[in-house]
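# Reading the structure
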Amino acid sequence: LLATVAVADEASVKKNFETKFGARADSVTRSGYLGLYEIYADGQIIYSDEKGSAFIVGPLIDGKTMKNVTQERLNK
């Protein structure tokens, strides 16, 4: 049941992003940080909450390790 909810959340985040930005999202996954979703589109990563009330464009830095999470994900 939880997997179904996660997929539904990712689908709604993807739809919301595509509607607001007029661009195709290649993938949407939970980031593991602050309840944000990671949206991969046009070669970059954008972060959003599940309702699409805010979008963050730029690097996400892990406050404990000081690693650039966004760059690590792009490298993968």
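Computed from a predicted model, the values in this text were never measured in an experiment. (Residues numbered from 1 in each chain as written. Predicted model: local features only at pLDDT ≥ 70, side-chain atom pairs only at ≥ 80, totals over all residues. Heavy atoms only, no water.)

### Description of the nonpolar core
Of all hydrophobic cores here, the largest spans eight residues; its members are Val13, Phe17, Ala25, Val28, Tyr37, Ile39, Ala41 and Ile46. Of all the secondary-structure elements, those providing two or more residues to this core are helix H1 (2-21) and strand E2 (37-41). Per element, the largest residue contribution to this core is three residues, and it comes from E2. Apart from residues no more than four positions distant in its own chain, Val28 is found in contact with Glu10, Val13, Lys14, Tyr37, Glu38 and Ile39. In terms of nonpolar packing, the next biggest core, distinct from the first, is built from five residues, Leu36, Ile45, Tyr47 and Val69 among them. (Core = buried A, V, L, I, M, F, W, Y, C linked by side-chain atoms within 4.5 Å. Buried < 20%, exposed > 50% of the residue type's maximum accessible area, 1.4 Å probe, protein only. Helix = DSSP H or I, 4+ residues; strand = E, 2+ residues; numbered from the N terminus. Contact = heavy atoms within 4.5 Å.)

### Some remarks on the sheet that holds strand E1 (residues 27-30)
Across the sheet, four strands lie side by side as E1-E2-E3-E4; this open sheet has antiparallel pairing. The two strands at the open ends of the sheet, each matched to only one other strand, are E1 and strand E4 (55-57). Averaged over all adjacent pairs, the angle separating strand axes in this sheet is 25 degrees, with direction ignored. Of the strand pairs in this sheet, strand E3 (residues 44-48) and E4 are connected by three bridges, and their pairing is antiparallel. The residue bridging Ser48 from the neighbouring strand is Phe55, located in E4. (Pairing = 2+ DSSP bridges. Axes fitted to C-alpha atoms, helices over the stretch in contact; angles between N-to-C directions.)

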